[in-house]
Amino acid sequence: MKSYPETTTPLRLGRLVLKNRIYFAPMGIDMADETGGMSDELERFYRGIIDGGSAMVVLGNSSIDPSTRLHRRGLCLHDESHARRLAPLIAYGAARNCPVVVQLQHYGAQGSSRSGQPLSAPSAPRNLRGSKLDSKSPTRRMGLDDIAAVRRQFTKAAVLAQRAGARMIQLQASNGYLLSSFLSPYTNRRRDAYGGSALRRARLLLEVIEDIQNATAGAIDVSVRLGIDDCLGSAGQEPHLLGEVVRELGRAGVAAIMCSMSIRETFHQMIHPTPHMRRQLTEGVRRIRAEATTPVGFAGFIATLDQAESLLAERVADLAGMSRAIFADNDIVTKSLAGDPGRVHACLYDGNCFRDKTNPALDRVYCCVNPKYKRPEHISYA
Ligand SMILES: Cc1cc2nc3c(=O)[nH]c(=O)nc-3n(C[C@H](O)[C@H](O)[C@H](O)COP(=O)(O)O)c2cc1C
């Protein structure tokens with residue numbers, strides 16, 4: 001039977017000790033209830049994943065304020081009722097040695113205009129040609145009061161996560177959403193203390209980390225999902241620009257850096273695992289890890305435990321995230337470790353789960369292969 005010595009080596013992440021190196025990377029499948037609270041259906045979904053052998057589950061993005069939403073059935077965490085509804089799932093994970101990490105999200109300029117408010121951005125948008133930015137959603141450059149308000153929203157959400165029993169949160173600072181739009185030279189052209197150099201662009205993220213540490217007296221570990229590459233070449237964020245930021249995140253005491261790639265304009269590049277995109281991602285992650293003093297993980301195109309094992313053995317990263325592969329088969333970890341990878345329902349990487357998110361005929365995300373949540377047959381993207 002094949003063994004996975006790297007994958008099964010435990011890993012310390014802040015105060016957590018993970019039983020192996022595989023985590024379920026965040027996937028907003030839009031099954032929260034109408035208030036943004038954890039529904040029974042969504043809780044069942046995550047329990048299935050916890051039971052499948054991953055060392056850690058990062059929940060799909062939780063919106064930190066009513067003013068920032070994307071999907072009608074996306075999770076939220078800005079009210080005591082959201083925290084109360086989250087607590088049983090976090091307890092379920094803790095009892096099975098699979099910590100549940102809450103991802104805190106401000107959608108920034110990639111949110112929806114449903115709240116009627118202009119979308120928040122570090123700078124006014126410069127060129128929307130070719131982007132899918134909703135023309136009905138005017139974008140507003142944030143003033144210092146807006147920045148202070150967002151800091152308070154992140155802190156409140158982190159305190160609510162702590163009350164729900166979470167031992168770690170993840171700040172969503174990737175994929176073009178608010179925190180990463182500050183980090184990226186593509187979207188941040190400010191000339192004040194929040195723009196100019198890579199470190200100044202990281203100021204908001206670093207302030208949010210410090211605010212959370214102060215408000216929780218350091219009792220909750222903070223991890224960061226870091227957008228390392230906008231996939232726009234030298235026009236956007238690139239791994240080599242982030243060295244100082246990564247070192248500063250280490251000094252700030254983050255428990256882990258989880259890398260991700262692409263923004264809304266370029267997300268299509270993350271659909272199919274081409275050799276070029278795999279290499280761009282893994283080389284970028286290597287570069288980040290070379291600067292990091294904390295464990296580094298990443299998600300993107302990891303389809304099997306064999307691939308995860310190789311990436312870990314090659315020291316690309318310290319832990320391996322899988323979203324679509326675990327969505328396609330919740331038990332991929334258990335089945336593979338038991339020497340039964342042949343029974344795994346393999347992800348097709350056709351991108352249809354991404355497409356579900358904007359399909360007006362659907363209000364949640366489905367899968368092509370997992371019999372538990374197979375897409376209705378009348379929905380076709382052919
Ligand atoms: C349907 C869907 C929803 C996603 N939702 C989130 C999310 O809520 N937060 C986030 O940071 N990434 C999200 N992602 C991105 C994944 O975490 C991951 O980076 C991406 O799918 C690539 O990894 P994979 O090849 O293992 O799927 C989502 C991806 C998909 C397909």
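Here is a short report on the structure shown in this document. (Residues numbered from 1 in each chain as written. Predicted model: local features only at pLDDT ≥ 70, side-chain atom pairs only at ≥ 80, totals over all residues. Heavy atoms only, no water.)

Describing the site of the ligand
Then step 1. Lining the immediate surroundings of the ligand are 20 residues, of which Pro-26, Gly-28, Arg-225, Phe-301 and Arg-324 lie closest.
Then step 2. With respect to the ligand, the backbone of Phe-301 contributes an N or O atom lying 2.7 Å from an oxygen atom.
Then step 3. In this structure, an oxygen atom belonging to the ligand sits 2.7 Å away from a side-chain N or O atom of Arg-324.
Then step 4. Here the ligand, which alone exposes 610 Å², has 94% of that area covered by the protein.
Then step 5. Considering only residue class, the shell around the ligand consists of ten nonpolar, seven polar and three charged. (Near = heavy atom within 4 Å. Polar contact = N/O pair within 3.5 Å; in protein donor to acceptor, adjacent residues only side chain to side chain. Areas by Shrake-Rupley, 256 points an atom, 1.4 Å probe, with all protein chains shown as cover. Nonpolar A, V, L, I, M, F, W, Y, C, P; charged D, E, K, R; others polar.)

Observations concerning the nonpolar core
Then step 1. Formed by 97 residues in total, the largest nonpolar core has its most connected members in Phe-45, Leu-59, Val-102, Leu-104, Leu-171 and Leu-249.
Then step 2. Core analysis: the second largest hydrophobic core is formed by 16 residues, Leu-13, Tyr-23, Val-58 and Val-101 among them. (Core = buried A, V, L, I, M, F, W, Y, C linked by side-chain atoms within 4.5 Å. Buried < 20%, exposed > 50% of the residue type's maximum accessible area, 1.4 Å probe, protein only.)

Description of the packing of aromatic side chains
Then step 1. Summed over the entire model, instances satisfying the criterion amount to nine aromatic pairs.
Then step 2. Seen from their ring centres, Phe-45 and Tyr-46 are 5.0 Å apart, and the 65° between their planes marks the pair as edge-to-face.
Then step 3. The buried category is assigned to Phe-45, whose relative accessible area is 5%.
Then step 4. Seen from their ring centres, Phe-45 and Phe-327 are 6.0 Å apart, and the 70° between their planes marks the pair as edge-to-face. Separated by 282 residues along the polypeptide, Phe-45 in helix H1 (residues 40–50) and Phe-327 in helix H10 (residues 324–328) bring together distant segments of the chain. For the pair Phe-45 and Phe-327, one class covers both residues: buried.
Then step 5. Among the aromatic side chains, those forming a connected cluster through ring pairs are Phe-24, Phe-45, Tyr-46, Phe-327 and Tyr-373.
Then step 6. Its end group placed over the ring of Tyr-92, Arg-96 keeps NZ or CZ at 3.6 Å from the ring centre. (Phe/Tyr/Trp six-rings, centres within 6.5 Å; stacked < 30°, edge-to-face > 60°. Helix = DSSP H or I, 4+ residues; strand = E, 2+ residues; numbered from the N terminus. Lys NZ or Arg CZ within 6 Å of the ring centre and 35° of its normal.)

Regarding helix H8 (residues 275–291)
One turn of an α-helix holds 3.6 residues; hence residues three or four places apart share an orientation.
Then step 1. Here H8 contains 17 residues, and its C-alpha end-to-end distance of 25 Å stays within 8% of the 24 Å for a straight helix at 1.5 Å per residue.
Then step 2. The complete set of buried residues in H8 reads Met-277, Leu-281, Thr-282, Gly-284, Val-285 and Ile-288. Seen end-on, H8 carries its buried residues on one side only, within an arc spanning 160°. More than 90 degrees from the buried face of H8, the exposed residues found are Pro-275 and Ala-290.
Then step 3. For H8, the secondary structure elements touched by its buried residues are strand S11 (221–229), helix H7 (243–251), strand S12 (256–261), strand S13 (296–299) and helix H9 (305–313). (Expected span 1.5 Å × (residues − 1). Arc of directions from axis to C-beta. Contact = heavy atoms within 4.5 Å.)

Notes on the pattern of salt bridges
Then step 1. A complete count under the given rule lists 25 salt bridges for this structure.
Then step 2. In this structure, the salt-bridge partner of Glu-43 is Arg-85, at a minimum N-O distance of 3.1 Å. Linking Glu-43 in helix H1 with Arg-85 in helix H2 (residues 80–95), this pair joins segments that are 42 residues apart in sequence.
Then step 3. A relative accessible area of 8% places Glu-43 in the buried class.
Then step 4. Arg-85 gets classed as partly exposed once you look at its relative accessible area, which sits at 23%.
Then step 5. Note that Asp-146 and Arg-140 form a salt bridge whose closest N and O atoms lie 3.2 Å from each other.
Then step 6. Assessed through its relative accessible area of 22%, Asp-146 is described here as partly exposed.
Then step 7. On the basis of relative accessibility, which here comes to 43%, the residue Arg-140 falls in the partly exposed class.
Then step 8. A network of salt bridges, in which partner residues are shared, links Glu-34, Glu-41, Arg-72, Arg-73 and Asp-363. (Salt bridge = Lys/Arg side-chain N within 4 Å of Asp/Glu carboxyl O.)

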